Amino acid sequence: MAFIGAPLDRKEGRAKVTGAAKYAAEFDVEGLAHAVLVQSTIASGSIISIDTAAAARMPGVLLIVTPDNAMRLQLKKVAPQAVTAPFLQDRSIVYQGQHVAVVVAETLEQAQDAAGHVTVKYIETPARTVMDRHVSAAVVPKNFRGGQRSPDSLRGNPDAAFAAAPVQVAQTYTTPVEHHNPMEAHATIATWHNGGLTVWHTTQGISGAKKMLAGLFGLEPDRVRVICPHLGGGFGSKGNAWPPLSLAAMAAKMLGRPVKLELTRQQMFTSNGYRPRTIQTVKLGADRDGKLVALRHDGFSQTSTAELGEFCEPFALASELMYSVPNAAVSHRLVEVNQGLPTYMRAPGEAPGIYALESAMDELAVAANVDPIELRLRNYADIDEHTKLPFSSKKLRECYATGAEMFGWSKRTAAPRSMRDGRFLVGYGMASSTYPMNRSLAHARVRLGADGTVLVQAGSQDIGTGTYTVMSQVAADGLGVDVSRVRVELGDSSLPPSPVSGGSMTVASLGPAVQKATAMVRDRVFRLAAAHWATDPAALTLRDGIVSGPSGKMSVAELMAREQVPHVEETAETKPGDETKHYSMHSFGAQFCEVRVDPDLGEVRVSRWVGAFDCGRVLNAKTARSQLIGGITFGIGMALLEATHVDAATGRYTNQNVSEYLMAVNADIPDIRTHLVANEDLISNSLGARGLGELPMVGAAAAVANAVFHATGKRVRDLPIRIEDVLTA
Ligand code: MOS
């Protein structure tokens, strides 16, 4: 094992920084026409009429698709509910920004110009714009976690235990609507050829996009090809096959020409999901030493009206297993509003949920007068008390200890406002992190050529996290070749299918498939060589294209020539097994934050950060560290900056641009120190790695909020933490 774990540069790094890497919108397709979306200006109601006459006469205009002339799609094949309007299949309007027409022209500018001349008349009906006003009409999710989990759970009697507890914390925490804002805009180029469809599409899931298109257009899946070699970020917004993908394909079909549809930054606020607002109440009951006796985590998140389907932010699931507590309950409720359908975003569930839980734990530490780390150790869960299963591997104690040491936690004085640096108030805050080890069915094909090079192919996609690089390391070690001899092909749905790159599952899903296919190739090489030498395959080794054994050495080229094969190739399939019944599999971590607060101006600056995590085996120390920096950066942004504002009167977002939707930039982020605990979780999967895309995001917002409390004495329970929240201390 030479390459797994090493801090190797990204395989595609050079192509990216030189501009050679092509993203979906950049492919040259002959005869390309340009499509532009027209969007609803009302939040609720229906279309009376769409006047396209003036737009149709404008220069270069080729086609205007409206609900009146749109191709009929086979929606029942792809959606459990009849989600029709965003595909231009009916005239109903359920949110502001919903697509109502597509204008296609010879140039982008002509299409944009004409889109502004499509006149839509509406009948408007009253809209629910702000979730908080409709909490009394909340509903139980019908399809929570795809029906795999219950939105509610209960063990013991948390209400009675809480009532009798000598130390109690009961608070409500809220998180805002947030938008992913990947740098690369959502884009599709669609072209039809002999009844088959090819799309270049920016997506975290080429398999899902292929399935959606095949279903909607009634095609055999093999007639659809989705290509996506690189992504400029997704963060969940490119996990689903959102309607613009299908509208591009529809326009191309209707026009009989290739069509490109690229969203604007503004349109990305209303076309591909967002993190829903949450209102969460956490109740913690403890004895005088801070040992938990009762935990309740209940709350609401917003979703769209039922016409668009359902999404429920699973904020309380981590509270089922984070601490040892005999009496615990969680519940999730939905509030329907006239906004688009929310979706997964950067540690969905855990990011807002752990913010609430870990803020409440900090409040409990104050109430019980126990150090925050000590409080967590007193409530450490040695098993998953929700499922009653042991953890596959959990090194959270090491995360607390190492993180605290690296951070200098022992220098913290407990009282709020007790630490200063000149005129600045200094605060130390910490929080726990956790994220599930998700894994799905995956396939990979590995080919060893006579020249000793290796080709790895999988219908996965590198969303910017290092999949090309890490998979080459797995294959290099398995076949004893230098990593430079391995080529990895991803991002093409004609390759062996792999799961969506979401839920931090790519390494744990695809990694074992590459590992297995690699082992199958090696074993076949050994069998061929063993037959030749009449020896035991187990006695052979493979290194740098040479098979060695007790009877001598032979190059792979020689062996393949002798066997008259051009290469040795195997395809492997791997999936979760019985371990899911016997173990609870999660990653864990500890976040440490120092803030400096200007007591006169209320400005909060994060000045130091330490994050220590257990994600099982680390496959590449460099890409892993990049993941950690990225997640923590987004966590700091969640704490202090990110929020989409909804205008209560119209249901419109008022800051749908990146000048007013604030995201953390370099100037907001201190030097981030990280540590990955040495571990190998071979119960979770054969590679021992759990994936860490989302883990470092979790707990970061709570660590900031807890540090702000320590610095100022002001507990902010409504994200993001703003100057005015701190100044009113
Ligand atoms: Mo991630 S929010 O599961 O793409």
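This write-up is about the structure you can find in this document.

Cut-off values and rules
- Residue indices begin from 1 for each chain and proceed along its sequence in written order.
- Per-residue local features are limited, in this predicted model, to residues with pLDDT of at least 70; the limit for side-chain atom pairs, both in listing and counting, is 80 or more; totals at the level of whole chains, interfaces and linings are taken over all residues.
- Water and hydrogen atoms play no part in the side-chain values, which are based on all heavy atoms of the structure.
- To qualify as a helix, a DSSP run of H or I must reach at least 4 residues; to qualify as a strand, a run of E must reach at least 2; elements of each kind are numbered from the N terminus.
- Note on exposure labels: buried denotes an accessible area under 20% of the residue type's maximum, exposed denotes more than 50%, and partly exposed covers the range between, all computed with a 1.4 Å probe on protein chains only.
- For this analysis, residues touch if any pair of their heavy atoms sits within 4.5 Å.
- Accessibility throughout is a Shrake-Rupley quantity obtained with a 1.4 Å probe, and a residue counts as covered only by protein chains that appear here.
- Only four residue types enter the tally: Lys and Arg on the positive side, Asp and Glu on the negative side, with His and both chain ends excluded.
- In plain terms, the charge of a residue is placed at NZ if it is Lys, CZ if Arg, CG if Asp and CD if Glu.
- Residues belong to a common nonpolar core when they are buried Ala, Val, Leu, Ile, Met, Phe, Trp, Tyr or Cys residues joined through side-chain atoms within 4.5 Å.
- When we speak of the arc, we mean the arc of directions from the helix axis to the C-beta atoms.
- When DSSP finds two or more bridges between two strands, those strands count as paired.
- For the handedness criterion, the strands are oriented away from the viewer, and a crossover whose path from the first strand over the helix to the second runs clockwise is classed as right-handed.
- Under this scheme, a helix contributes an axis fitted over its contacting stretch, all axes are lines through C-alpha atoms, and angles between N-to-C directions fall in the 0 to 180 degree range.
- Roughly parallel means an angle under 35 degrees; roughly antiparallel, over 145; roughly perpendicular, 65 to 115; everything else is oblique.
- Handedness of each helix crossing follows the sense of rotation of the near helix against the far helix: counterclockwise by less than a right angle gives left-handed, clockwise gives right-handed.
- Residue polarity is assigned by list, with Asp, Glu, Lys and Arg as charged and Ala, Val, Leu, Ile, Met, Phe, Trp, Tyr, Cys and Pro as nonpolar; anything else, Gly included, falls into the polar class.
- Centres within 6.5 Å are what make two rings of Phe, Tyr or Trp a pair, Trp counting through its six-membered ring; a difference in plane orientation under 30 degrees is then read as stacked, over 60 as edge-to-face, and the rest as tilted.

1. A closer look at the overall build of the chain
For the chain, the count of helices and strands is 16 helices and 29 strands. Judged by the C-alpha coordinates and their principal axes, the chain covers about 80 × 80 × 50 Å. Across the 729 residues of the chain, 60% fall into the buried class. Pairs at least 24 apart in sequence give 80% of the contacts found in the chain among residues at least 6 apart. When the accessible area of the chain is evaluated, it comes to approximately 27100 Å², of which 52% is carbon and sulfur surface. Positive and negative side-chain charges in the chain, numbering 72 and 72 respectively, have mean positions lying 1 Å apart.

2. Some remarks on the nonpolar core
Generally speaking, a soluble globular protein has its nonpolar side chains buried in company with each other. Within the largest apolar cluster, 85 residues are counted, with the highest numbers of intra-cluster contacts made by Leu284, Val595, Trp609 and Val704. Per-element accounting of this core gives the leading share, ten residues, to helix H7 (residues 350–368). Of all hydrophobic cores here, the second largest spans 49 residues; its members include Leu63, Val94, Ala209 and Ile463.

3. Description of helix H12 (residues 556–563)
Every buried residue of H12 is listed here: Val556, Leu559 and Met560. Along the axis of H12, the buried residues cluster in a sector spanning 95°; they form a single face. Each element contacted by the buried residues of H12 is listed here: strand E20 (442–449), helix H11 (506–533), strand E23 (541–543), strand E24 (546–549), strand E25 (552–555) and strand E26 (567–574).

4. Quick notes on the environment of arginine 487
Position of arginine 487 relative to the elements: it lies in strand E22 (residues 486–489). Separated by 34 residues in sequence, arginine 487 and threonine 453 have C-alpha atoms that sit 7.8 Å apart. The residues touching arginine 487, leaving out its near neighbours within four places in the chain, are Val454, Leu455 and Val456.

5. Regarding the pairing of E22
If a strand is regular, its side chains alternate between the two faces of the sheet. The alternating pattern of E22 places Val486 and Val488 on a buried face, while none of Arg487 and Glu489, on the opposite face, is buried. With four bridges joining them, strand E21 (residues 454–457) and E22 adopt parallel strand pairing. Across the sheet, residue valine 456 finds its bridge partner in E22, namely valine 488. Between the parallel pair E21 and E22, the chain is carried across by helix H10 (residues 467–479), and the sense of this crossover is right-handed.

6. Considerations on the packing of H10 against H11
Here H10 crosses H11 at 30°, and the two axes come no closer than 9 Å. If you check the angle between H10 and H11, you find them roughly parallel. Here H10 runs over H11; the crossing is right-handed. Residues Thr467, Val470, Met471, Val474, Ala475, Gly478 and Leu479 of H10 form the contact with H11, whose own contacting residues are Thr506, Val507, Leu510, Gly511, Val514, Gln515, Thr518, Val521 and Arg522. Considered class by class, the residues forming the contact of H10 with H11 number nine nonpolar, six polar and one charged.

7. A look at the sheet that holds strand E9 (residues 187–193)
Taken in spatial order, the seven strands of this open sheet run E3-E5-E1-E12-E9-E10-E11, and their pairing is mixed. Since the sheet does not close on itself, it has two edges, and those belong to strand E3 (61–65) and strand E11 (224–227), each with one partner. Taken over all neighbouring pairs, the strand axes of this sheet differ in orientation by 20° on average, direction set aside. With respect to the sheet, helix H3 (residues 108–115) is in contact with strand E1 (33–39), E3 and strand E5 (99–105), its orientation differing from that of E1 by roughly 25°.

8. Details of the packing of aromatic side chains
Summed over the entire model, instances satisfying the criterion amount to 13 aromatic pairs. Seen in terms of ring centroids, phenylalanine 27 and tryptophan 200 are 5.8 Å apart; in terms of plane orientation they differ by 25°. Their pairing is stacked. In this pair, phenylalanine 27 sits in the loop between helix H1 (13–17) and E1 while tryptophan 200 sits in strand E10 (residues 196–201), placing the two residues 173 residues apart along the sequence. Since its relative accessible area comes to 15%, tryptophan 200 is described here as buried. Ring geometry for tryptophan 192 versus phenylalanine 217: centroids 5.3 Å apart, planes at 70°, classification edge-to-face. Placement of tryptophan 192 in strand E9 and of phenylalanine 217 in the loop between helix H5 (206–216) and E11 is noted, with a sequence separation of 25 residues between them. Note on tryptophan 192: relative accessible area 16%, which makes it buried. With a relative accessible area of 11%, phenylalanine 217 lands in the buried category. Three or more aromatic residues joined by ring pairs make a cluster, and in this case those are Phe407, Trp409, Tyr428 and Phe592.

9. Comments concerning the pairing of E21
Going residue by residue along E21, you find Val454 and Val456 tucked away on one face and Leu455 and Gln457 tucked away on the opposite face as well. Pairing geometry for E20 and E21, over four bridges, is antiparallel. Looking at E21, one finds that arginine 445 is bridged to glutamine 457.

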